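Examination of the molecular architecture
Spelled out, the chains give:
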Amino acid sequence: MYLDSDDIAQAREAERTVRESYDRVPYPSSSQHRTHPDHLATLALLHGLEPAPPARCRVLELGCADGGNLLPMAIETPESRFLGIDLSPRQIASGQAFAAALGVANLELRAASILDVEASWGLFDYVICHGVFSWVAPAIQEKILAVCRQNLAPHGVAYVSYNTFPGWHLRRMVRDMVLYHTRGIDAPAERTARAMELVRFLAESTWGEEDAHAIFLRSLREHFEEYRDRPSYLVHEYLEETNAPLYFHEFAARAAGHGLQYLSEADPHLMEIGNLPAPVAERLRSFASERIELEQYLDFVLNRTFRRTLLCHAGVPLDRAAPLASLRRLHAASAARSDSAAPDLRSGIGESFRAERGTAFSTSHALAKAVLVVLAGVWPRALAFGELLAEAQGRLAAAGEGETGGEEVLADLLDSLYWSGIVELHLLPPVCTETAGVFPHAAPLARRQAAAGVLVTSQRRKVLKLDDPVARVLLAHLDGSRDRAALVRLLERDVREGRLDVAFEGAPLRDSERLPSVLASLVEHHLRKLAEHALLVG
């Protein structure tokens, strides 16, 4: 689609409104692990592409806010180059200051419009556009897709997220109601409070009712309450002037019009029809003659509200049957734990496992059981393909199990477990440790974030909320220079001087003789949890 001067003028005017809104109510950005070059490259590799190495690539983010998503990537991969643009000078300036304070030299944040992006900006291996597409005018949506074609390297991957129907039909009804209730109010804080007021009232008005509408309104209150301490989300999702969901097949057709083809969803297990009950999957397949249709019917079944779609250039051949050579390049990780304290690894004996999201998984396959036991033992670290095979075969030999299969069997197994959401695969494994060292060490970004607030970025590229003040103080001081005794003394000083509160058996401890022993136990507990959540590098 080509934009004429009238389209551009209207888009610029719409952008002015958006810029003013985001300057008034900044939308704090943070790490979106599904946009990380490692994740995008892994999915590309599994579809038969040869992606740019995530450790040495060029990344462009459209609508980067304050750069909170790109900053952890830039720190992790110093040989890569990152460019983020956003309309809001206020957010760009904030991100530039934070990056400068951390000494990050491979990240550029630029106050610019998506309409300003030109071919002269060059090619990027990965183009990211998260939380923008549904919230901008149609002309800018078309420009986003044009950038994904124009500035994407030949084997590059573009990520675009957007609100989708059918799930957003109900949410659009909610949006209409809160927009009506807040009409005539300009102050963002007051608008948010009034929106919450209406949602609570609607939920309370259905007390005792069990029809679909009543259940929905009560779930709506829970949804709004979830973001009570993040009002910026509610402002921009429900109270913004523009929010235009669309059906997946409509998005895919518009992308095709720009010479782009559908690659995958960034949540691979959510697009895997094989994860549905067999009769449902079989019937869905009977409705669809090709992949886009099948994905659309899957949205109908799941009532999908949001998609994170990956695109690549049309004409690039795709193949989901990843060859052994590709899978051998990957690292695997899994938090799945056996329900049994001592799982029997012999063939034919069923064992149940529970994944990180609570997904239950049962298998009697000897190698599958051994793989999951090995990965659970090193979580959150990932193991290289060859290392994992050797460790698993060693476990099986110790259990008296004979021939268990080699590389091809492991490759098929990892492929299946990945699409089921049981195992993670990485081209660039996260750098972390499963146990705290003698001098526990956390990454500089996480330490700085812990000193500033409750949200921290893990080495698995996920944002975690640390509600416990002891955990935050501890994390902020894990620079690798203190052993456990020094950490206990540091916390003890803060407690005795009134900067930190610690309770034991319901009573506050400050001058008690028991304080050092209690703090020693807390240090061990929190170090174990910090390691489990991939916040430690040593």
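Reading the values: the criteria
Residues numbered from 1 in each chain as written. Predicted model: local features only at pLDDT ≥ 70, side-chain atom pairs only at ≥ 80, totals over all residues. Heavy atoms only, no water. 1 Å grid on protein atoms, 1.4 Å probe; cavity = no way out; pocket = protein on both sides within 12 Å on 5 of 7 lines; lining within 4 Å. Points joined across faces, edges and corners; volume = space filled by probe spheres on them. Helix = DSSP H or I, 4+ residues; strand = E, 2+ residues; numbered from the N terminus. Nonpolar A, V, L, I, M, F, W, Y, C, P; charged D, E, K, R; others polar. Pairing = 2+ DSSP bridges. Right-handed = clockwise from strand over helix to strand, strands pointing away. Buried < 20%, exposed > 50% of the residue type's maximum accessible area, 1.4 Å probe, protein only. Phe/Tyr/Trp six-rings, centres within 6.5 Å; stacked < 30°, edge-to-face > 60°. Lys NZ or Arg CZ within 6 Å of the ring centre and 35° of its normal. Axes fitted to C-alpha atoms, helices over the stretch in contact; angles between N-to-C directions. Parallel < 35°, antiparallel > 145°, perpendicular 65-115°, else oblique. Left-handed = near helix turned anticlockwise from the far one by under 90°. Contact = heavy atoms within 4.5 Å.

Here the idea is plain: a probe the size of a water molecule rolls over the atoms and shows the empty space left. Within this model, the second largest pocket holds a volume of roughly 540 Å³. Surrounding the second largest pocket, 27 residues form its lining, His-33, Arg-357, Glu-424, Arg-460 and Lys-462 being those nearest its centre. At the level of secondary structure, the elements contributing two or more residues to the lining of the second largest pocket comprise helix H2 (37-46) and strand S13 (424-426). With three residues, the top contributor of residues to the lining of the second largest pocket is S13. Considering only residue class, the lining of the second largest pocket consists of twelve nonpolar, six polar and nine charged.

Now for the pairing of strand S3 (residues 107-111). Pairing between strand S2 (residues 81-86) and S3: five bridges, direction parallel. Counted as the bridge partner of Gly-84 is Leu-109 from S3. In terms of handedness, the path from S2 via helix H4 (residues 89-101) over to S3 forms a crossover that is right-handed.

Right, let's get into the pairing of strand S10 (residues 351-354). Only one face of S10 is buried, namely the one carrying Glu-351 and Phe-353, since none of Ser-352 and Arg-354 on the opposite face is buried. With two bridges joining them, strand S9 (residues 337-338) and S10 adopt antiparallel strand pairing. Residue pairing across strands places Ser-338 opposite Phe-353, the latter belonging to S10. Here four bridges tie S10 to strand S11 (residues 360-363), and the two strands are oriented antiparallel to one another. Paired with Ser-352 across the two strands is Ser-362, which belongs to S11.

What follows concerns the packing of aromatic side chains. Scanning the model with the defined rule gives eleven aromatic pairs in all. An aromatic cluster is defined as three or more aromatic residues linked by ring pairs; in this entry it consists of Phe-165, Tyr-247, Phe-287, Tyr-297 and Phe-300. Geometry around Phe-248 places Arg-307 over its ring, the cationic atom sitting 4.0 Å from the centre. The ring of Trp-419 has Arg-320 sitting right over it, with the charged end atom 3.7 Å from the ring centre.

Bringing the packing of helix H11 (residues 278-287) against helix H12 (residues 291-302) into the picture now. For the pair H11 and H12, the least separation of the axes is 9 Å and the interaxial angle reads 135°. Judged on the interaxial angle alone, H12 and H11 are oblique. Like other packed secondary-structure pairs, H11 and H12 cross with a definite hand, here right-handed. Counted together, Leu-284, Arg-285 and Phe-287 of H11 and Glu-293, Leu-294, Tyr-297, Leu-298 and Val-301 of H12 form the full contact between these two elements. Tallied by class, residues from the contact of H11 with H12 come to six nonpolar, no polar and two charged.

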